[in-house]
Amino acid sequence: MMSILIQWLINALAVYATAHLLEGIHIKSFGAAILVALVLGLVNALLRPVLVFFSIPFIILTLGLFLLVINALLLQLSASIVGGFTIDSFWWAIGGSVVISLISWILSSLLNL
């Protein structure tokens, strides 16, 4: 249970840091980042497997790069659900999904999660 909460906070930190690193992603507060991390986690748990399953041919054809598109779309969906979190364009969503993933991976590795 504690590791889930820590991972949730790591993802919130990643979202908050990404909004400060990329000028096309905007967030109002750390509270909004916590809510975005929650919504993004739920969206990834519920919708991502379905999207990946139905896009397997595209994923194979693009050698996995289509997963970036799926991640960007899910990040944009999270932005449309959570107030106080906006993304200027699809390309910023792609960049944001990559940066969020990298920051989350680095922080999780540092904390051995």
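Note: the structure precedes this text.
Figured I'd write up the structure that's included with this text.

Here we look at the packing of helix α5 (residues 66–81) against helix α6 (residues 90–110)
For the pair α5 and α6, interaxial distance at closest approach is 8 Å and the crossing angle is 100°. It follows from the interaxial angle that α5 and α6 lie roughly perpendicular. In this structure, α5 uses Leu 68, Val 69, Asn 71, Ala 72, Leu 73, Leu 75 and Gln 76 to contact α6, whose residues at the interface are Phe 90, Ala 93, Ile 94, Gly 96, Ser 97, Val 98 and Ile 100. Grouping the constituent residues of the contact of α5 with α6 by class yields 10 nonpolar, four polar and no charged.

A short note on the side chain of Ser 78
Assignment of secondary structure puts Ser 78 in helix α5. Accessibility expressed as a relative area gives 0% for Ser 78, which makes it buried. Excluding its chain neighbours within four sequence positions, the residues that come into contact with Ser 78 are Val 39, Leu 40 and Val 43.

As for the environment of Thr 86
Along the chain, the position of Thr 86 falls in strand β2 (residues 85–87). On a C-alpha basis, the gap between Thr 86 and Ile 25 in space is 5.9 Å, while along the polypeptide they are 61 residues apart. Not counting residues within four places of it along the chain, the set of residues in contact with Thr 86 comprises Gly 24, Ile 25 and His 26.

Some words on α5
The terminal C-alpha atoms of α5 lie 23 Å apart, and with 16 residues this matches the ideal 22 Å at 1.5 Å per residue to within 8%. Along α5, the residues that are buried comprise Ile 70, Asn 71, Ala 72, Leu 74, Leu 75, Ser 78 and Ala 79. The inward-facing, buried residues of α5 abut α2 (30–46), α3 (48–54), α4 (56–61), β2 and α6.

Quick word on the packing of α2 against α5
At a minimum axis distance of 9 Å, the contact between α2 and α5 shows a crossing angle of 135°. Accordingly, the angle class assigned to the pair α2 and α5 is oblique. Every pair of crossing elements has a handedness; the one defined by α2 and α5 is right-handed. Taking contact as the criterion, the partners of Val 39, Leu 40, Val 43 and Asn 44 in α2 are, on α5, Leu 74, Leu 75, Leu 77, Ser 78 and Ile 81.

Cut-offs used in this document
- Residues numbered from 1 in each chain as written.
- Predicted model: local features only at pLDDT ≥ 70, side-chain atom pairs only at ≥ 80, totals over all residues.
- Heavy atoms only, no water.
- Axes fitted to C-alpha atoms, helices over the stretch in contact; angles between N-to-C directions.
- Helix = DSSP H or I, 4+ residues; strand = E, 2+ residues; numbered from the N terminus.
- Parallel < 35°, antiparallel > 145°, perpendicular 65-115°, else oblique.
- Contact = heavy atoms within 4.5 Å.
- Nonpolar A, V, L, I, M, F, W, Y, C, P; charged D, E, K, R; others polar.
- Buried < 20%, exposed > 50% of the residue type's maximum accessible area, 1.4 Å probe, protein only.
- Expected span 1.5 Å × (residues − 1).
- Left-handed = near helix turned anticlockwise from the far one by under 90°.

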